[in-house]
Amino acid sequence: MKFLLKTIVTTLVFASANTLANAEELRLSHQWSNKDIRHKVAEVMADEVAAADVDLEIKIFGSKSLFNPREQYKPLSRGQLDMTVLPLSYAGGQQPAYNLTLMPGLVKNHDHAARLTNSPFMDALEVKMAEDDVMVLVHGYLAGGFAGKDKCITSPADVQGLQTRAAGKSFEQMLAGAGASIASMASSEIYNAIQTGVLQAANTSSSSFVSYRIYEQVSCYTPAGDVALWFMYQPLLMNKSKFDGLNEKQQATLLSAAEKAQAYYLEEAKKQDAASAEVFRKAGVEIAEMSAEDFDAWRALATETSYAKFVEEVKDGQALLDMALAVE
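Just so you know, these numbers come straight off a predicted model, no measurement behind them.

Chemist: I keep staring at the pairing of strand β2 (residues 56-61) and nothing clicks. Help me out?
Modeler: In terms of strand pairing, strand β1 (residues 24-29) meets β2 through 6 bridges, oriented parallel. When the sheet's bridge partners are listed, L26 is paired in β2 with I58. The parallel pair β1 and β2, bridged by helix α2 (residues 37-52), forms a crossover whose chirality is right-handed.

Here it is in structure tokens:
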């Protein structure tokens, strides 16, 4: 009897190990810490897929351990990477239309952002992604604000003469129009840049401001509030050929997991702004508020700089911009 039980247990252990060994592994890369909302979204996907038991596993490589932040889209499109969570505007060099996903003043609030992801505007962008063998699994926008090393940033006049980090080409154009000097870098590099004096001001997502502990290096923070100038589309993407190569159960599992992850993303994104302000406040950082008049001044500047440049540089730029502006 003991021999029989031992044989059964050994067989089950071997079978379980063999199943894991045969599971299809998907590598997911991102640049953030394991406390960040975007990592949590990836974890929701991985956990849901694991629970489904369809011989599929998502292995997460966070904290830019697999690819540099701005170098993830190209390997994804080439099939060298299976999945990533990244700001789509990072790939604006490959597809200039993506720069519209980080356009100052284009998104009003999180619910408006959710409507944008379910509109002809997003359909048009997904057509362009498909050209690169890329597809969206989880849509998501995050809001953000400004931080100043020595002063508060609320209006265009506040950045004049400051070395400033902006997230994305369109924000860089707008800030340059306000008289700022621009330093381009990933959000993961802001902390050291402020610490070493390379930067005097920065803008990025509420989540990144917290997860990268920017509150340790600045004197003033302007979070997203009633008006939010900064909204950035940061989806979870997958190589389309890799998805198409999975069996029906695996595909269905990914889509079901993505639905849950997207609902979680929207709910948590709404909490990020107030939560980030509280973290900065507790760290002794001054909290500033952008007024409606400040917002209007920024948007007027963006219309003259970022919007105009986008339409000039992108072949179908005006049509895409009009589609985005049409979403109420």
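More follows now that the structure is in view.
Chemist: Sorry if this is basic, but what is going on with the sheet that holds β2 here?
Modeler: The pairing of strands in a sheet happens through backbone hydrogen bonds and is either parallel or antiparallel. Strand order in the open sheet made by the 5 strands is β2-β1-β3-β11-β4, with mixed pairing throughout. Every interior strand has two partners, whereas the edge strands, β2 and β4 (134-138), have only one. Put simply, the sheet's adjacent strands are angled 30 degrees from each other on average, direction ignored. Bridge count for β4 against strand β11 (residues 236-239) is 4 bridges, and the pairing is antiparallel. Counted as the bridge partner of V134 is N239 from β11.

Chemist: Looking at this model, I keep getting lost on the state of the cysteines. Mind explaining?
Modeler: Simply put, disulfide is the name for a covalent bond between the sulfur atoms of two cysteines. If you walk through the whole model with that rule in mind, you get 1 disulfide. With its sulfur 2.0 Å from that of its partner, C152 forms a disulfide with C220. With the S-S bond torsion at 95 degrees, the cross-link from C152 to C220 turns out right-handed. Placement of C152 in the loop between β5 (141-148) and β6 (163-165) and of C220 in strand β9 (residues 220-222) is noted, with a sequence separation of 68 residues between them. Looking at C220, the relative accessible area reads 1%, which means it is buried.

Chemist: Would you mind going over the packing of helix α5 (residues 120-131) against helix α12 (residues 317-325) with me for this structure?
Modeler: For the pair α5 and α12, interaxial distance at closest approach is 8 Å and the crossing angle is 140 degrees. When the axis of α5 is compared with that of α12, the two are oblique. Seen from α5, the contacting residues are P120, F121, A124 and K128; seen from α12, they are L320, M323 and A324. Its residues assigned to classes, the contact of α5 with α12 comprises 6 nonpolar, no polar and 1 charged.

Chemist: Sorry, what's going on with helix α10 (residues 248-282) here?
Modeler: The terminal C-alpha atoms of α10 lie 49 Å apart, and with 35 residues this matches the ideal 51 Å at 1.5 Å per residue to within 8%. Bending of α10 peaks at approximately 35 degrees at the position of Q272. The backbone nitrogen of K249 has a side-chain oxygen 3.1 Å away, supplied by the residue at the start of α10, namely N247. Directly after α10, the chain includes G284, whose backbone phi takes a positive value near 85 degrees.

Chemist: Is there a simple way to think about the side chain of N99 in this case?
Modeler: Tracing the backbone shows N99 in the loop between β3 (83-85) and α4 (110-116). For N99, a relative accessible area of 9% corresponds to the buried category. Those residues in contact with N99 that sit more than four places away from it in its chain are S89, G92, K169, S170 and F310.

What counts, and at which threshold
Residues numbered from 1 in each chain as written. Predicted model: local features only at pLDDT ≥ 70, side-chain atom pairs only at ≥ 80, totals over all residues. Heavy atoms only, no water. Pairing = 2+ DSSP bridges. Helix = DSSP H or I, 4+ residues; strand = E, 2+ residues; numbered from the N terminus. Right-handed = clockwise from strand over helix to strand, strands pointing away. Axes fitted to C-alpha atoms, helices over the stretch in contact; angles between N-to-C directions. Disulfide = S-S within 2.5 Å. Buried < 20%, exposed > 50% of the residue type's maximum accessible area, 1.4 Å probe, protein only. Parallel < 35°, antiparallel > 145°, perpendicular 65-115°, else oblique. Contact = heavy atoms within 4.5 Å. Nonpolar A, V, L, I, M, F, W, Y, C, P; charged D, E, K, R; others polar. Expected span 1.5 Å × (residues − 1). Bend = angle between axes of the 7 residues up to and from the residue. Polar contact = N/O pair within 3.5 Å; in protein donor to acceptor, adjacent residues only side chain to side chain.

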